[in-house]
Amino acid sequence: MSTKGSPRAPELKTQESENVDNTLQFESAPLDSIPKNSTILDRINNRADMQELFLPISGFVWLHPEELAIVNHPAFQRLSRIYQLGQAYLVFRGATHKRVEHVIGALHVVDRMISAVQINSEKNVDDPRWAPPLSSQEIRFVRLGTLLHDIGHIVAGHTVEDELELVSKHDGDQRLDAVLNGRAWSDRNGRTLAMLIDEKYEQLVPEDLKNAKVTASTIVRLLIRKPPKDKENDAFKVAQGHIEKSDKIRLQTCQYMIGNTICADFLDYIHRDWYHVGKPRPFDDRLLQYMEVRRGALEAASKEPRASDKFVISLRERPKIRTDAVSHILDLLEWRYSLAETVL
């Protein structure tokens, strides 16, 4: 389907290994297509070496070579064997989609959200509550965090975690340790997923965090994990403190885009799950127009990024509240409630 001069579509091949059987692997662009001595920062917004995948709902989704390497890792390929809606397919026969489809779809959604934030930032630059849009480093970590936000899931995860409470949470440190550092899912070169992340994303770690010994895999963990209630005995307490103070990777801005009430995760699964159930819901672009990065309430106006900056959906203030946005958010939340009651 690719035309001359456009990126080559990925070829599918089956990985033959003891860890992963019959899972689809995607070839990245040939090495000679990437300029010699180029770094990840040089190629941060370059689509020449990106690969496209095609998904229901999303259409084409573009992945950087580093993201494709993550997708091809055995720890990630687990998700291609886990049903997104558990055993719901026994009744809703179209609901056979896997978690791998959802997380790549969420990557597409967050890419649209990032673009919307950049555009809306240009429109609102004179607003005293304005904060800078995402930096190139933040964009790549938000994309990676979105791709890995469900990496800890297991079969029938919500049932055994939330309803029966038989195992630890998929976004808790115990589960993330098992998947990110587990040797059972090492690749052919003996690399765990965390090792691969550190190798591919080391150049993107800001200097302040790098000097504090915070690695790329730790950054993405902090973006997607649910912090333990016992903060004093948190194994990542020091790293958490460093990233909370960082204005290079703004924790709340990045976290809220990946996982929150209205986020990339939610905006993908609410449309994807209903689509496969056979009751599709329309994707309304209006919320994208209202997505911004805003200054913290107690922060003075500045053009520089601040650690307290937050990703928000701006509903404005009375008497000019964006009632269309309020109505659509209520629709989305009603769809989520209905999905839980009808299907799960």
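Colleague: What is the right way to read the overall build of the protein from this model?
Modeller: A count of helical and extended segments in the protein gives 13 helices and 6 strands. When burial is assessed residue by residue, the protein has 50% of its 344 residues classed as buried. A fraction of 64% describes how many contacts in the protein between residues 6 or more apart in sequence connect residues 24 or more apart. Looking at the protein as shown, the accessible area adds up to about 17300 Å², and 52% of this sits on carbon and sulfur atoms.

Colleague: In this structure, what is going on with the pattern of salt bridges? I would like to understand it.
Modeller: Considering all chains together, one arrives at 26 salt bridges under this definition. The partner of D234 in a salt bridge is R225, with the nearest N and O atoms 2.6 Å apart. By relative accessible area, which is 5% here, R225 ends up buried. Taken together, the shared-partner salt bridges connect D173, D177, R221, R225 and D234 into one network.

Colleague: What exactly am I supposed to notice about the confidence of the model for the protein here?
Modeller: The predicted coordinates of low-pLDDT regions are not to be read in fine detail. Looking at the protein as a whole, the pLDDT averages 88, with 87% of positions reaching at least 70. Throughout residues 1-22 the model reports pLDDT below 50, and contacts reaching past four residues in sequence, or to other chains, amount to 51 contacts. Within the model, pLDDT remains below 50 along residues 28-34, and this stretch shows 10 contacts once partners closer than five positions in the same chain are excluded.

Colleague: Could you clarify how one ought to interpret the packing of helix α4 (residues 136-147) against helix α11 (residues 251-258) in this entry?
Modeller: Two numbers describe a pair of packed helices, the interaxial angle and the distance between the axes. Following both chains from N to C, one finds α4 and α11 inclined at 35°, their axes separated by 9 Å at the closest point. Judged by the twist between their axes, the crossing of α4 over α11 is right-handed. Across the interface between the two elements, E138, V142, G145 and T146 from α4 touch C254, M257 and I258 from α11. Looking at the contact of α4 with α11 residue by residue, the classes come out as 4 nonpolar, 2 polar and 1 charged.

Colleague: Whenever I open this one, the pairing of strand β5 (residues 291-294) confuses me. Can you help?
Modeller: Two faces belong to every sheet, and in a regular strand the side chains alternate between them. Neither face of β5 is left uncovered, since the one carrying M291 and V293 and the one carrying E292 and R294 both have all their residues buried. For β5 and strand β6 (residues 310-313), the ladder comprises 4 bridges, and the chain directions are antiparallel. Residue pairing for β6: M291 is matched across the bridge by I313.

Colleague: Would you mind going over the packing of aromatic side chains with me for this structure?
Modeller: For any pair of aromatic rings, the description consists of the separation of the ring centres together with the inter-plane angle of the planes. According to the stated counting rule, one finds 4 aromatic pairs in the structure shown. Ring centres of F141 and Y201 lie 6.1 Å apart, and the angle between their planes is 40°; this geometry places the pair in the tilted category. You can see F141 sitting in helix α4 and its partner Y201 sitting in helix α7 (residues 193-201), a full 60 residues away along the chain. Taken as a pair, F141 and Y201 share a single burial class, namely buried. On the basis of an interplanar angle of 80° and a centroid distance of 5.5 Å, the ring pair of F266 and Y269 is categorised as edge-to-face. Residue F266 and its partner Y269 are located together in helix α12 (residues 264-277), separated by 3 residues, close to a single helical turn. Here F266 and Y269 have matching classes, each one buried. Geometry around W130 places K303 over its ring, the cationic atom sitting 4.8 Å from the centre.

Colleague: Would you take a moment to explain helix α9 (residues 216-224) for this structure?
Modeller: In an α-helix there are 3.6 residues to a turn, and that puts residues three or four apart on one side. Counting buried residues along α9, 9 of its 9 residues qualify, which places the element largely inside the surrounding structure. Against the buried residues of α9 lie α4, α6 (173-180), α7, α8 (207-211), α10 (237-245) and α11.

Colleague: Looking at this model, I keep getting lost on the nonpolar core. Mind explaining?
Modeller: Ranked by internal contacts, the top residues of the largest apolar core, which has 82 residues, are I70, F76, L148 and I197. Element by element, the count of residues in this core is highest for helix α3 (residues 99-123), at 10 residues. Those residues in contact with L148, other than ones at most four positions away along the chain, are I70, F76, L193, I197, V220 and I224.

Colleague: Can you walk me through the side chain of H271 in this structure?
Modeller: With respect to the element layout, H271 can be found in helix α12. Excluding its chain neighbours within four sequence positions, the residues that come into contact with H271 are I57, R281, P282, F283, L332 and W335.

Colleague: Whenever I open this one, unusual backbone geometry confuses me. Can you help?
Modeller: Working note: non-glycine residues mostly have negative phi, and peptide bonds are mostly trans. Residue I57 is not a glycine yet carries a positive backbone phi of 75°. Checked against the element boundaries, I57 lands in the loop between β3 (51-55) and β4 (59-63). Given the relative accessible area of 44%, I57 is considered partly exposed. Look at E165: it is not a glycine, yet its phi comes out positive at around 55°. Relative to the elements of secondary structure, E165 occurs in the loop between α5 (157-163) and α6.

Cut-offs used in this document
Residues numbered from 1 in each chain as written. Predicted model: local features only at pLDDT ≥ 70, side-chain atom pairs only at ≥ 80, totals over all residues. Heavy atoms only, no water. Helix = DSSP H or I, 4+ residues; strand = E, 2+ residues; numbered from the N terminus. Buried < 20%, exposed > 50% of the residue type's maximum accessible area, 1.4 Å probe, protein only. Contact = heavy atoms within 4.5 Å. Areas by Shrake-Rupley, 256 points an atom, 1.4 Å probe, with all protein chains shown as cover. Salt bridge = Lys/Arg side-chain N within 4 Å of Asp/Glu carboxyl O. pLDDT = per-residue confidence, 0-100. Axes fitted to C-alpha atoms, helices over the stretch in contact; angles between N-to-C directions. Left-handed = near helix turned anticlockwise from the far one by under 90°. Nonpolar A, V, L, I, M, F, W, Y, C, P; charged D, E, K, R; others polar. Pairing = 2+ DSSP bridges. Phe/Tyr/Trp six-rings, centres within 6.5 Å; stacked < 30°, edge-to-face > 60°. Lys NZ or Arg CZ within 6 Å of the ring centre and 35° of its normal. Core = buried A, V, L, I, M, F, W, Y, C linked by side-chain atoms within 4.5 Å.

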